[in-house]
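# Structural description and commentary
Chain residues, written in single-letter form:
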Amino acid sequence: MDSIYASSSCTVPHLLRRDTLLLPPRTSNLTAPSSLQRTKRARRVRISSSAATNGAVSRALQGVSSTALEQLDIERGVCIPFRKYSPEIVRNKVLESRGSILSLMLRGVEIVWNLGLYWSNLVYDFLVGRDEEVVPYRARQLRNLLCDLGPSFIKAGQVLANRPDIIREDYMNELCILQDDVPSFPNQIAFRIIEEDLGQPLEAVFSKISSETIAAASLGQVYRATLRATGEDVAIKVQRPGIEPIIYRDLFLFRTLASFLNGISMQKLGCNAELIVDEFGEKLLEELDYTLEARNLEDFLENFKNDPTVKIPRVYKQFSGPRVLVMEWIDGIRCTNPQAIKEAGLDVDGFLTIGVSAALRQLLEFGLFHGDPHPGNIFAMRDGRIAYVDFGNVAVLSQQNKQILIDAVVHAVNEDYAEMANDFTRLGFLSPGTDVTPIIPALEAIWQNSAGKGLSDFNFRSVTGKFNQLVYNYPIRIPERFSLVIRSLLTQEGICFTLKPDFKFLEVAYPYVAKRLLTDPNPALRERLIQVLFKDGLFQWKRLENLIVLAKENVAKMSNNPALKVKDTQIQRNWKVERKLDLTDTIKDGARLFFVDEGIRRQLLLALTEDSKLHIEELVDVYRLVEDQIDIPSVAVEVARDLPTVVRDLLLSWSESVLSDR
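Source: prediction; values computed, not measured. (Residues numbered from 1 in each chain as written. Predicted model: local features only at pLDDT ≥ 70, side-chain atom pairs only at ≥ 80, totals over all residues. Heavy atoms only, no water.)

Spanning 18 residues, helix 24 (residues 541–558) covers 26 Å between terminal C-alpha atoms, matching the ideal 26 Å at 1.5 Å per step. Regarding helix 24, the residues found buried are Trp541, Arg543, Leu544, Glu545, Leu547, Ile548, Ala551, Asn554, Val555 and Met558. (Helix = DSSP H or I, 4+ residues; strand = E, 2+ residues; numbered from the N terminus. Expected span 1.5 Å × (residues − 1). Buried < 20%, exposed > 50% of the residue type's maximum accessible area, 1.4 Å probe, protein only.)

Before going further, it helps to spend a moment on the pattern of salt bridges. All told, the structure shown has 27 salt bridges when counted by the stated rule. In this structure, Asp250 engages Arg107 in a salt bridge whose closest nitrogen and oxygen atoms are separated by 2.8 Å. Note that Asp250 is positioned in helix 11 (residues 243–259) and Arg107 in helix 5 (residues 100–127), a separation of 143 residues in sequence. Of the charged contacts in the structure, one is a salt bridge between Arg361 and Glu365, with a shortest N-O distance of 2.8 Å. Residue Arg361 and its partner Glu365 are both found in helix 16 (residues 348–366); the two are separated by 4 residues, about one turn of the helix. Salt bridges sharing partners connect three or more residues here, namely Arg192, Glu196, Asp197 and Arg323. (Salt bridge = Lys/Arg side-chain N within 4 Å of Asp/Glu carboxyl O.)

Once that is clear, we can look at the packing of aromatic side chains. What the rule picks out here adds up to 8 aromatic pairs. Seen from their ring centres, Phe191 and Tyr223 are 5.3 Å apart, and the 55° between their planes marks the pair as tilted. Of this pair, Phe191 sits in helix 9 (residues 187–198) while Tyr223 sits in strand 3 (residues 220–227), and the two are 32 residues apart along the sequence. Given a relative accessible area of 0%, Tyr223 falls into the buried group. With centroids separated by 6.3 Å and ring planes inclined at 75°, the aromatic side chains of Phe497 and Phe503 adopt a geometry described as edge-to-face. In this structure an aromatic cluster arises from ring pairing among Phe153, Phe254 and Phe280. (Phe/Tyr/Trp six-rings, centres within 6.5 Å; stacked < 30°, edge-to-face > 60°.)

Where burial is concerned, most of strand 4 (residues 233–239) is hidden: 6 out of the 7 residues are buried. Bridge count for strand 3 against strand 4 is 7 bridges, and the pairing is antiparallel. Paired with Gln221 across the two strands is Val238, which belongs to strand 4. Taking the residues between adjacent antiparallel strands as the criterion, strand 3 and strand 4 are bridged by 5 residues, where Gly231 takes a positive phi near 80°. Looking at chain direction, strand 4 and strand 6 (residues 324–328) are connected through 5 bridges and run antiparallel. Looking across to strand 6, one finds that Ile236 is bridged to Val326. (Pairing = 2+ DSSP bridges.)

Attention now goes to a nonpolar patch on the surface. A contiguous nonpolar patch, built from Leu95, Ile101 and Met105 and spanning about 290 Å² of accessible area, is present on the exposed surface. Relative to the elements of secondary structure, Ile101 occurs in helix 5. (Patch = residues over 30% accessible without salt bridge, like charges linked within 9 Å, V, L, I, M, F, W, Y side chains within 5 Å. Areas by Shrake-Rupley, 256 points an atom, 1.4 Å probe, with all protein chains shown as cover.)

The values reported here are purely geometric and, on their own, carry no functional implication.
Printed below as a string of structure tokens:
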């Protein structure tokens, strides 16, 4: 879908000014990304397929047309051995029935006619000099056009609403309406689909069901019902009728068009058009299968099983299928209603702390996060928990991607903008081999203008606005998973501003990030702590103290449910949360690095003797900050227990240096 807009806008850049276009012209000499060896998938494969489909996918992955899919695997740091999507699967699905050629031709004519007519209106607006004044009208016209063209285009509009690399901001704002306001289809059709998937009448399973939809989206709609057997209230999500063949047909047309536009797309976006369509198609077909959404629910339940601040609805798999999903009904307060939250006896600041912590855990800890956290999908529970619903749109970040993101944060903290630009290439925003030199000053300006004002004025929307200008002027493509991350953070920050207009996102996020940096079970993240603590070869004592203070603040806040004004002793008794900072592994890492890594040892010794003086006072200050949080004797025992390993590593390091000298 993205490629259609890329193609349309690419035909007129010499006729119109850049700011009148949906897609800005770009100038860059880029080369196609090279094919690298794919890494193993870090997370369990959640997609199942038939044997015939598996064979088709295997052939696809071996063919030339799979280049875009391979590039997606390279960027993700994972590969998917059995996909629901590939160009061959789509082609076979579309061409397997009689009359398919005629259907494709008619659909192609419909799409080209409607989009061509819309594009001709844009050209006319420019020629008569009214292009800017009619932007709001044309944006609404585009939204209505996508609704008329069907679910594939509605979904594409929702995607474009988060793609500043493809369309301008005023069009993005209008397309955001598609995320909440989509026409529903008749109840009788929905109820028939439910009965077909259940294999029995509605009355046999549900004692009652709502006569109106609770919510309607591009691919389906939701009803509230009561299970006859248990009396439990449930939400029923049912897929739009006949949607699958329509989507396969549209994807085939998108991919066919994209194959002719690779050269233009490489020039304008820094990637081939097929990659954009494949990325969109892969995500769309995953959302189309509700059995995958059920697995997403199970994954989220597993991730948050020990977190008493987060509520994930359970799924009733015995009543669910590819087109119907039955899950626990969430009786919560809409998260954009601060008055109702206060009347329920909840502390707004505490609820915001819980929400930010849950979002950061998804992003930095699990690598599996909710891709569509709009106000209709997040609720405040009366027991102080935050509840998420609708898990059709989730994104996965591999361990490799998470580490690169952390690297980017470290480079930002240390103001190493050249390395930050290289991180963009590693994450897939830039094609391999792209000259990042022109981007470095822009990144520096964005970060310094945003962070230089301090925590009180920092917000993601201002940073994202500046970043949108960056991707508008450079050959940067925002990968789908990161567009979901950006949308997720922006949406949740917007919810926070609704609840508290003077909300400071980083003031809430920093304590959590500091705690994870100091105590994360992943050794790779703890290793990056060393990079944060050194700047220009000098040890940052104040930065270490600030990290410890912020981490202690997070532990103190989360030791009880911060959203509850009146503490429920029964709830608190059931909590299994950290009461103190556990720095055991971090201290062990530091001891091991001190003995084994000569460079780190030299840096740490220099840190204690900077400016020709012993920094004993700073060392004592750090100790005083942590002495009430950790059990020093037990840490000493743990370090002593690990001493043989440290000695072994030290001897190996010494022997390697001796052999290398010889």
